[in-house]
Amino acid sequence: MARRENSLSIQIPAFAGADRSITPSSGKLAAAMLKPIPWERTRAVAELGAGTGTITKHIRAAAGADTRVILFEKDPYLRRKLKGNFMNYTCYPDCSCLLHSLRQEGVQSLDCIISGLPFFNFPQEVRDRLIAEIVASLKEEGLFIAFQYSQQMKRQLNEHFDILDIRFVPMNLPPAFVYVCRKKGGRP
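Residues numbered from 1 in each chain as written. Predicted model: local features only at pLDDT ≥ 70, side-chain atom pairs only at ≥ 80, totals over all residues. Heavy atoms only, no water.

1. Quick look at the sheet that holds strand β7 (residues 176–183)
Link 1 in the chain: Strand order in this open sheet of 7 strands is β3-β2-β1-β4-β5-β7-β6, and the pairing throughout is mixed. Two strands bound the open sheet, and with one partner strand each, they are β3 (90–92) and β6 (161–169). With direction set aside, neighbouring strand axes in the sheet form an average angle of 15°.
Link 2 in the chain: In the sheet, β6 pairs with β7 via 8 bridges, with the strands oriented antiparallel. Pairing of Arg 167 across the sheet is with Val 178, part of β7.
Link 3 in the chain: Against the sheet, helix α2 (residues 54–62) touches β1 (44–48), β2 (68–72), β4 (110–115) and β5 (138–148), its axis set at about 170° to β1. (Pairing = 2+ DSSP bridges. Helix = DSSP H or I, 4+ residues; strand = E, 2+ residues; numbered from the N terminus. Axes fitted to C-alpha atoms, helices over the stretch in contact; angles between N-to-C directions. Contact = heavy atoms within 4.5 Å.)

2. Describing the packing of helix α1 (residues 27–34) against α2
Link 1 in the chain: Packing of α1 against α2 brings their axes to within 9 Å, and their N-to-C directions diverge by 50°. Considering the angle they form, α1 stands oblique to α2. Like other packed secondary-structure pairs, α1 and α2 cross with a definite hand, here right-handed. Within the contact between the two elements, α1 uses Gly 27, Ala 30, Met 33 and Leu 34 and α2 uses Ile 55, His 58 and Ile 59.
Link 2 in the chain: Residue composition of the contact of α1 with α2, grouped by class: 5 nonpolar, 2 polar and no charged. (Parallel < 35°, antiparallel > 145°, perpendicular 65-115°, else oblique. Left-handed = near helix turned anticlockwise from the far one by under 90°. Nonpolar A, V, L, I, M, F, W, Y, C, P; charged D, E, K, R; others polar.)

3. Topic: the environment of Glu 159
Link 1 in the chain: Within the element layout of this structure, Glu 159 appears in helix α6 (residues 154–160).
Link 2 in the chain: Judged by relative accessible area, Glu 159 falls into the exposed class, the value being 51%.
Link 3 in the chain: Sequence spacing of Glu 159 and Lys 184 is 25 residues, and the spatial spacing of their C-alpha atoms is 8.8 Å. (Buried < 20%, exposed > 50% of the residue type's maximum accessible area, 1.4 Å probe, protein only.)

4. So, the nonpolar core
Link 1 in the chain: Of all hydrophobic cores here, the largest spans 28 residues; its most connected members are Leu 48, Ile 134 and Phe 144.
Link 2 in the chain: Where this core is concerned, the elements lending two or more residues are β1, β2, α4 (98–105), β4, α5 (124–137), β5 and β7.
Link 3 in the chain: Top contributing element to this core by residue count: α5, with 4 residues.
Link 4 in the chain: Apart from the residues within four sequence positions on either side, Leu 48 is in contact with Phe 72, Cys 95, Leu 98, Ile 113, Ile 114, Ser 115, Gly 116, Leu 117 and Ile 134. (Core = buried A, V, L, I, M, F, W, Y, C linked by side-chain atoms within 4.5 Å.)

5. Some details on the pairing of β2
Link 1 in the chain: Counting buried positions along β2 gives 4 out of 5 residues, so the element sits mostly inside the fold.
Link 2 in the chain: The pairing of β1 with β2 spans 5 bridges and is classified as parallel. Each residue of the ladder has a partner; that of Ala 46, found in β2, is Ile 70.
Link 3 in the chain: Regarding the hand of the β-α-β motif, the stretch spanning β1, α2 and β2 is right-handed.
Link 4 in the chain: Note: β2 against β3, 3 bridges, orientation parallel. Following the sheet pairing, Ile 70 is matched in β3 by Thr 90.
Link 5 in the chain: Note on the crossover from β2 through helix α3 (residues 76–85) to β3: the handedness is right-handed. (Right-handed = clockwise from strand over helix to strand, strands pointing away.)

6. Considerations on unusual backbone geometry
Link 1 in the chain: The omega torsion of the bond from Leu 173 to Pro 174 falls at -10°, within 30 degrees of zero and hence cis.
Link 2 in the chain: Turning to its location among the elements, Pro 174 is positioned in the loop between β6 and β7.

7. Let's talk about the pattern of salt bridges
Link 1 in the chain: Tallied over the full model, the rule gives 7 salt bridges.
Link 2 in the chain: As a salt-bridge pair, Lys 183 and Glu 140 come within 3.9 Å of each other at their nearest N and O atoms. In this pair, Lys 183 sits in strand β7 while Glu 140 sits in strand β5, placing the two residues 43 residues apart along the sequence.
Link 3 in the chain: You can call Lys 183 buried: its relative accessible area is 11%. (Salt bridge = Lys/Arg side-chain N within 4 Å of Asp/Glu carboxyl O.)

Take a look at the structure:
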């Protein structure tokens, strides 16, 4: 069973495991994702697909007191848990409306977007919309850091970003690839 809010909305199956890992992300995965972020200069960050908040906990530990953190989680149950566990962060249901959500928050652009979305599970039209929203939301030298369970998104990411690194994290179940990308047009 899948819910659908609009034609480009991300569909989340009503049963567990269809588009998520069977276990929460590991601390090793969170560390690989957060290490490249220059937290001392990071003023606004978004996490797409925040899920159970495993990576969000590490964001909270790394982010400065003035860093604005905006979470996105489609699942209503998980979103309620995130709101309860991370009361200083706002949480929105649909990252395909990322720009609109940033306007609501009074945030002009993001220094970094961290993603746990299973891009390759989405139809191409949804992937294209999400990537367009991500690119438009990042500042010029903004980072996009995403974990995936394969390298199938490399080509599409390379069209829109400079891929700085792809890190393999074997100590995660399942093992994952972390893409560290910079918005094209940023510094060399």
